[in-house]
Every structure is written in structure tokens, then in C-alpha cells.
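One-letter residues, chain by chain:
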Amino acid sequence: MRDEPLTIGRFARMCRLSVKQLRHYDELGLLPPDRVDPSTGYRYYAPARVRDALTVALLRDLDVPLQVIAELLAAGDEERTRLLRAERDRIAARIARDTERLAVLDRLAEGPAPAYEVEVVDDPALRLAVVRGRCDPDEVGARTRECITALLGALGRSAVGWVPPLHGLYPLDLEDGMTIAAGARTDEDVPGTVATTLPAGPAATTLHTGPYEQLPLAYHALQAWIHEQGLTARGPAREDYLVSPGEAEPHELLTRLTIPIDPTRQDTP
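Residues numbered from 1 in each chain as written. Predicted model: local features only at pLDDT ≥ 70, side-chain atom pairs only at ≥ 80, totals over all residues. Heavy atoms only, no water.

Mapping T205 onto the fold places it in strand 9 (residues 201-209). Looking at T205, its side chain comes within polar contact range of the side chain of R256, at 3.1 Å. Among the polar contacts made by the side chain of T205, one reaches the main-chain carbonyl oxygen of L257 at a distance of 3.1 Å. (Helix = DSSP H or I, 4+ residues; strand = E, 2+ residues; numbered from the N terminus. Polar contact = N/O pair within 3.5 Å; in protein donor to acceptor, adjacent residues only side chain to side chain.)

Before going further, it helps to spend a moment on the pattern of salt bridges. One pass over the structure, following the stated rule, counts twelve salt bridges. Of the charged contacts in the structure, one is a salt bridge between D52 and R49, with a shortest N-O distance of 3.6 Å. For the pair D52 and R49, one class covers both residues: buried. A salt bridge links R82 to E79, with the shortest nitrogen-to-oxygen separation between them at 2.6 Å. With R82 and E79 both in helix 5 (residues 77-109) and three residues apart, this pair spans about one turn of that helix. Residue E79 is classed as partly exposed on the basis of its relative accessible area of 34%. Through salt bridges with shared partners, a single ionic network connects D34, R49, D52 and R80. (Salt bridge = Lys/Arg side-chain N within 4 Å of Asp/Glu carboxyl O. Buried < 20%, exposed > 50% of the residue type's maximum accessible area, 1.4 Å probe, protein only.)

With that out of the way, let us pick up the sheet that holds strand 2 (residues 35-36). One open sheet holds the three strands; their spatial order is 1-3-2, and the pairing between them is antiparallel. Of all strands in the sheet, those with a lone pairing partner are strand 1 (6-7) and strand 2, marking the two edges. (Pairing = 2+ DSSP bridges.)

For the pair helix 1 (residues 8-15) and helix 3 (residues 50-61), the least separation of the axes is 10 Å and the interaxial angle reads 65°. Our pair here, helix 1 against helix 3, has a crossing hand that is right-handed. Together, F11, M14 and C15 of helix 1 and V50, A53 and L54 of helix 3 make up the contact between the two elements. Here the residues of the contact of helix 1 with helix 3 sort into six nonpolar, no polar and no charged. (Axes fitted to C-alpha atoms, helices over the stretch in contact; angles between N-to-C directions. Left-handed = near helix turned anticlockwise from the far one by under 90°. Contact = heavy atoms within 4.5 Å. Nonpolar A, V, L, I, M, F, W, Y, C, P; charged D, E, K, R; others polar.)

Counted by the stated rule, this structure contains two aromatic pairs. Where F11 meets Y45, the ring centres are 4.5 Å apart and the plane angle is 5°; that geometry is what we call stacked. Of this pair, F11 sits in helix 1 while Y45 sits in strand 3 (residues 43-45), and the two are 34 residues apart along the sequence. The residue whose ring lies beneath R35 is Y44, and the NZ or CZ to ring-centre distance is 4.5 Å. (Phe/Tyr/Trp six-rings, centres within 6.5 Å; stacked < 30°, edge-to-face > 60°. Lys NZ or Arg CZ within 6 Å of the ring centre and 35° of its normal.)

Okay, here's the thing in C-alpha cells:
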């Protein structure tokens, strides 16, 4: 008797779901019933499907894409475990990003944006070995990490000498399909990277302490200062990672932000 198909109502009660939810999952093609009575249209489910029902409900609540859920349900035990762990890591990363965004909101709610001291420097020329990547604005963080990982791998394989810190290069204007880069200062050619020289010249710079997710506050302060001074910004914007995640807690990270400027002061409107 325990293996006999369950009516949709009894199955819903066992899964702690509603009949409406089960019907919706059927419509989505995620959890069809094992049998439908051709004369009455009643749906029946095998008791062994409870795990699938609970998995679908949980993943839908976590906004996991339908395609991923379908792959999970079709996978064997080993592959399902791998996919579930991958989703767990993705969700954990999203929670971490959201936590940092909440911290930015807290800083903004405290009143005026935090003060940044801006100075103009004669930025020296930098010869960098860079790894480039393309991304949309909401992918900058993930793509930067990928570029840095690829860069460190290339540096390690070639065993060339390079001078810390690592650098991130970004366009002044964010747009879909933009090119970003991670670079390391070295006078040698590094296989798997592109040699790029940033010219010397005047630049506005400021220091940011805290998580990378709060860097927009520093960008705003720097760009506002450049505008107020009647100067013109030139790209790329450069982030120097003076204290990186492997060396300190997020609130202790230290990043220098530098934007080259046109030495000719512009007339303000």
C-alpha cells in the first residue's frame, strides 16, 4: 500500500505544498504526475517523488532558473549533488553581494557620502602585462576576478618578476559589452597576456578603504571633484589593489583609484 500512487491532495500534504503549486509545477514541465486518470483527469504521484517536489519548491523559492531545476531532476544522484552544490555556491555569492550592497545603503543612510581626499599627481608610465575580458556593468566584479585569476596563473607559469600591486583597468563609461582588464607591472613579456603601457601624465587620485562593492562611492567623489575643478577625465580608470581580500577583512581592503585628467582646464558651463 505504501508504494501505491497518491492523489494530488495526499501528495501535496506529504510535501507540505499546495495543490495549486503542484499544478503550477506540472504546467512548467518540472513535476508532471506519474499518472493521469483519462476519465476523471485526476493526477497521481508516486511516494518516491516527494524528494523531487521538495527540491523544486526550494529551488523555485531561491529563484533558481527553470532550466537548472529541470537538469537537476533529470540527473543521477552524483550529478544532482554536483549541480546542487554549484547552485549553493552561486546563491552564497549572491547573498554576499547583497550583504555588501546593504552596507552601501547603510553608509548612504547615515547622511552625506563619506569624505574622500582627492589629490592631483604626476602619474608615471606603467608597463603592464594584462588579461582582458568583456562584460556588462552588472558583471564587472565576477569578470574582474576571472581576469585576475587568469593573470596570476600566467605570471606563475612564466615565473617572471612583477611589481605589486595588481591593477584593474576600467572604461570611464559603463556599457554593455565593455572591455575591462587586470594587469601587473613587469618589464618582461608574459605568455597569455598582452603588454600594455599606460602613459605618464597628470591624474586625480583618491584612496578607498572598505569592500569593493562600495567603490562607487569613491568613483563618485573623484568624478565630482574633477567636474567641480573644470577638468576633463580621460580613461581608463585604474584601481590599485593595495590590500587585497587574501590579506585583510572586507572592511580593511585598501584600493587606490586613479583617473587620468586632461591638463587643460575646461570652462565650466
